[in-house]
Amino acid sequence: MASLLGRFCRKLVVPGSAHGSRMISTTACDSEAVKSLNLYSAINQALHIALETDPRSYVFGEDVGFGGVFRCTTGLAERFGKNRVFNTPLCEQGIVGFGIGLAAMGNRAVVEIQFADYIYPAFDQIVNEAAKFRYRSGNQFNCGGLTIRAPYGAVGHGGHYHSQSPEAFFCHVPGIKVVIPRSPREAKGLLLSSIRDPNPVVFFEPKWLYRQAVEEVPEHDYMIPLSQAEVIREGNDITLVGWGAQLTVMEQACLDAEKVLDFIFQLKDNWFKVSNMGLELIMQEGISCELIDLKTLLPWDKETVEASVKKTGRLLISHEAPVTGGFGAEISATILERCFLKLEAPVSRVCGLDTPFPLVFEPFYMPTKNKASSSSSLSSPLKKKRHYLIMGLHVWCRYWMQSSPLLITSHSICFFR
Amino acid sequence: MAIWFSRSRNIVFSLRHNLNLSGILIKRDYSPRPAFTNSQLSSKSVCLDSFTSLRHESTAVEKQLDLVQQSDEEDPQELNFPGGKVGYTSEMKFIPESSSLRVPCYRVLDEDGRIISNSDYIPVSEKLAVRMYEHMATLQVMDHIFYEAQRQGRISFFITAVGEEAINIASAAALSPDDVVLPQYREPGVLLWRGFTLQEFANQCFGNKADRGKGRQMPVHYGSNRHNFFTVSSPIATQLPQAAGVGYSLKMEKKNACAVTFIGDGGTSEGDFHAGLNFAAVMEAPVVFICRNNGWAISTHISEQFRSDGIVVKGQAYGIRSIRVDGNDALAVYSAVRSAREMAVKEQRPVLIEAMTYRVGHHSTSDDSTKYRAADEIQYWKMSRNPVNRFRKWVEDNGWWSEEDESKIRSNARKQILQAIQAAEKWDKPPLTELFSDVYDVKPKNLEEQELGLKELVEKQPQDYPPGFQI
């Protein structure tokens, strides 16, 4: 009973909260000034700080001068001058190549690619040059000061060329880092870390969240470490792993999974009279989900995911990018290698379809919370629990009718563990 | 934005009849006197007020040095468009795909090594000339011996610069040691000039533990931060936009230095050529682009590479000052590169040099060029158009070089190179841990695990792995 209560109490979450129970906080303490910012403003703040703190840093790309098509670079050119914040010709391979040259001379080059969908002309410079710059020179040269920012992901109406999630291509390239923030506060800290990291970083910003996500963001200069995943919601029954905008979808799926089951309501009305307290305890026994934000996809924090899956026994990975060859495959393979004997179900991937990102069909293409909820990983523990719950309730009510009430709860309900 | 119109004086005559675009002010100068770099360029800028977006001080409008004459049919009125005022004409005329006369090639020495009369060139002292010649000879010996070493199976691969010794050495001699060089792969002479030792060359080719590159790349992929020579990478032309960034960094630091980058004729077809030149021009970066037009990109002749008059004409398309130079004439290359470098640094602008030459050797040791070109064509260039011989004649004629010096330099170079190769061959390879380092600044967990795993495997089954690697 105590263990049931303990587990239950931890799961109490205010419904509709954006980020669930934050178990691990890596950001400012309460006395620091915070401001409610959306994602593009948080990114903007990070860029202001980056340019302020390093006089040899530059921000450039297409249209960044007036503030950028997503307003991430607002005010930078006015404040730091056109020598350091400037528009470039429309040429991604030139933008990244120029950035590599600047970085190789010890500067910080924060380069913007207008949409991740257009990053491919720069792929040669990123893979063959930036990623190998240090290694091939025997560490005589490096372009660690290079950070490439690009908006990625679905936006509701973007179609083929304004919605792509190309992170998987880059995760296959030793020598660069791939970072994807989930929210404004995370974005500011992760971007500052990426800019200051002595390795070239590709930083994908979920464009869906540029305006949609609003969060209290500390105003000061802070960094969030790379290659450290965060458990943003603790749970025991299943581990969910994601990044970027997809985490808000997955959080909804977690909330749904943890909710009251209609089936149990029927039990309550038809079967027996039970104490409200007792029944509520049973009713609120949904699926306890542990949600992990990977943050850095390359190099990724295998240890945190491994520890979580060893605890829960189940894994569900979700990303917008097409499922085949997506980064979920790498996570799945690694976890299978490391946690095979602890897994109670196959690893599930709830991802985009293997098609170009469609326009009118976007709602069908996307890995929605319903797709997550109905995936085998999330629904199979549910079925199992439902079975044992019914058994447990049946036993319980028989005892209750025959004799004095016995507290069986923990015995039967914990049966499925 | 200043719009530059410049015409070579030799083209003017035909232009006057063929072109009738008002607003393009044609320079008329029929004087036979050879013009040095600055005076060869004459232009009138059509400057604009509100459309100017210079991020630094405006580049000074160059004054026109010669008379400008407009054609009779031109309408003096102008149209206002983004990008500036442009004159208009009611006559529909297409700019021809090429001029009737090709851009001439700047040269100073004739084939017999004698200075052409009235040449404009920067004088070279005896000390400098002898040093240049010694390096050209050393480069020749180095190329020959390393090539043979590959044929003997001692190194896996090699690329020679045979036929391009003048470009290699004379350009290096014209630069300052602070100028940052971003090579393609056929410019080892630049590194040699700057002080990279023969032993260091050999170490890289053998990939031994003394290789500064730590044995990670194929032979000839040299790099040296001490010599401001960026590490060679195989992809073609990727260094060009990087050079623009390097130049911009030097500009921002107000250094008395520029970026210098090399490319072959084939490389100018790459997108990065366009990106590099355009960025350098827009950013007003001090970059000298040196294109070694040696006629061949592996087996692809330049007639299959582009339809323009070589590469020099492309400079103007980017707003870049350009010159075509005889790449086998060491003095001409020296003067052109030295002037270009001064322009780049003083005026903070890019400059393009097309050095005409011939690739006497095969593309690499993986190539047999007799399969796609005539053996006597190769022989002709090797014997009659040899840049080393040509320069030696000039140095000898000045009394600065003798037969004795010649045999001495060649035998010394040969001895040193052979010693270097023998030593490099014997030394161990880099330790196995260097396979995993420098991927990032700090080894991440996945690489630590992989290194441990590999070490265990190698210790268990050493017979499956080559010797000479310390674990």
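Numbering of residues starts from 1 in each chain and follows the order in which that chain's sequence is written. Labels follow written order: the first chain is A, the first ligand is 1, and so on. Where totals are concerned, whole chains, interfaces and linings use all residues; where local detail is concerned, this predicted model gives features only for residues with pLDDT of at least 70, and gives and counts side-chain atom pairs only at 80 or more. Only hydrogens and water are set aside when side-chain values are computed; all heavy atoms of the structure are taken into account.

**Student:** I'd like to hear about the interface of chain B and chain A, residue by residue, with values.
**Tutor:** Think of interface size as the accessible area that goes away when the parts come together; that is how it is often given. Facing 45 residues of chain B, the contacting portion of chain A comprises 46 residues. Of the roughly 3,800 Å² buried between chain B and chain A, counting both surfaces, carbon and sulfur atoms make up 60%. Considering only the side of chain B, the residues that lose the most area to chain A are B:Gln242, B:Phe279 and B:Tyr440, jointly responsible for 18% of the buried surface there. By convention in these notes, a salt bridge is any Lys or Arg side-chain nitrogen within 4 Å of a carboxyl oxygen on Asp or Glu. For the pair chain B and chain A, the number of links is three salt bridges. Think of a polar contact as two N or O atoms within 3.5 Å of one another; within protein, one of them needs to be a possible hydrogen donor and the other a possible acceptor, and neighboring residues in sequence only count if both atoms come from side chains. Counting every contact that joins chain B to chain A gives 18 residue pairs in polar contact (both at pLDDT 80 or more). Sort the elements by how many residues they give to the side of chain B that touches chain A and helix α7 (residues 239-252) of chain B lands first, with nine residues. Each residue receives one of three labels: charged for Asp, Glu, Lys and Arg, nonpolar for Ala, Val, Leu, Ile, Met, Phe, Trp, Tyr, Cys and Pro, and polar for the others, Gly being one of them. Across the side of chain B that touches chain A, the residue classes tally to 18 nonpolar, 16 polar and 11 charged. Contact between two residues is taken to exist if any of their heavy atoms lie within 4.5 Å; hydrogens are not considered. Once two parts are brought into contact, the accessible area they lose, counted with a 1.4 Å probe and summed over both, makes up the buried area. Helix numbers and strand numbers start at the N terminus; a helix is a DSSP run of H or I with at least 4 residues, a strand a run of E with at least 2.

**Student:** Lay out helix α8 (residues 271-282) of chain B in plain terms, naming residues and giving numbers.
**Tutor:** By this rule, a helix spans an expected 1.5 Å times one less than how many residues it contains. End to end, α8(B) covers 17 Å across 12 residues, agreeing with the expected 16 Å (1.5 Å per residue, within 8%). Relative accessibility thresholds used throughout: buried, under 20% of the residue-type maximum; exposed, over 50%; partly exposed, between the two (1.4 Å probe, protein chains only). Restricting attention to buried positions, one finds in α8(B) the residues B:Asp272, B:Phe273, B:Ala275, B:Gly276, B:Leu277, B:Phe279, B:Ala280 and B:Ala281. The secondary structure elements touched by the buried residues of α8(B) are α4 (92-104) and α5 (123-130) of chain A together with α7, β7 (287-293), α9 (312-317) and β11 (351-356) of chain B. Trailing α8(B) by a residue or two, B:Glu284 shows a phi angle of about 55°, which is positive.

**Student:** Describe in detail the pairing of strand β6 (residues 259-264) of chain B, supporting the description with residues and values.
**Tutor:** All names here are of chain B. Within β6, six of the six residues are buried, which leaves it mostly tucked inside the rest of the structure. Every second residue of β6 is oriented toward a common face, with Ala-259, Thr-261 and Ile-263 on one face and Val-260, Phe-262 and Gly-264 on the other, all of them buried. Judged from the three bridges that link them, strand β5 (residues 180-182) and β6 form a sheet pairing that is parallel. Bridge assignment links Leu-182 to a residue of β6, and that residue is Thr-261. Any two strands between which DSSP finds at least two bridges are classified as paired.

**Student:** So what about the side chain of A:Arg134? Which residues, and what values?
**Tutor:** Its place among the elements puts A:Arg134 in helix α6 (residues 133-136). Of the side chains with opposite charge, B:Asp441 comes closest to the buried, unpaired A:Arg134, at an N-O distance of 5.3 Å. Setting aside its immediate chain neighbours within four residues, A:Arg134 contacts A:Asn139, A:Phe141, A:Asn142, A:Pro198, A:Asn199, B:Arg216, B:Asp438, B:Tyr440 and B:Asp441. None of His or the chain ends enter the tally, which takes Lys and Arg as positive and Asp and Glu as negative.

**Student:** Tell me what's going on with the environment of A:His319, and back it up with residues and numbers.
**Tutor:** Residue and element names in this part refer to chain A. Mapped onto the elements, His-319 comes out in strand β13 (residues 315-322). Taking the C-alpha atoms as reference, His-319 lies 4.9 Å from Cys-351; in sequence the two are 32 residues apart. A distance of 2.9 Å separates a polar side-chain atom of His-319 from the backbone oxygen of Ala-321. Within the structure, the side chain of His-319 is placed 3.2 Å from the backbone nitrogen of Gly-328, a separation counted as a polar contact.

**Student:** Please set out the domain arrangement of chain B residue by residue, giving values where relevant.
**Tutor:** Where each domain begins and ends is defined by an automated method or by a domain database. Partitioning chain B into structural domains gives domain 1 (23-95), domain 2 (126-426) and domain 3 (432-464). Computed from C-alpha atoms alone, the centre-to-centre distance between domain 2 of chain B and domain 3 of chain B is 36 Å.

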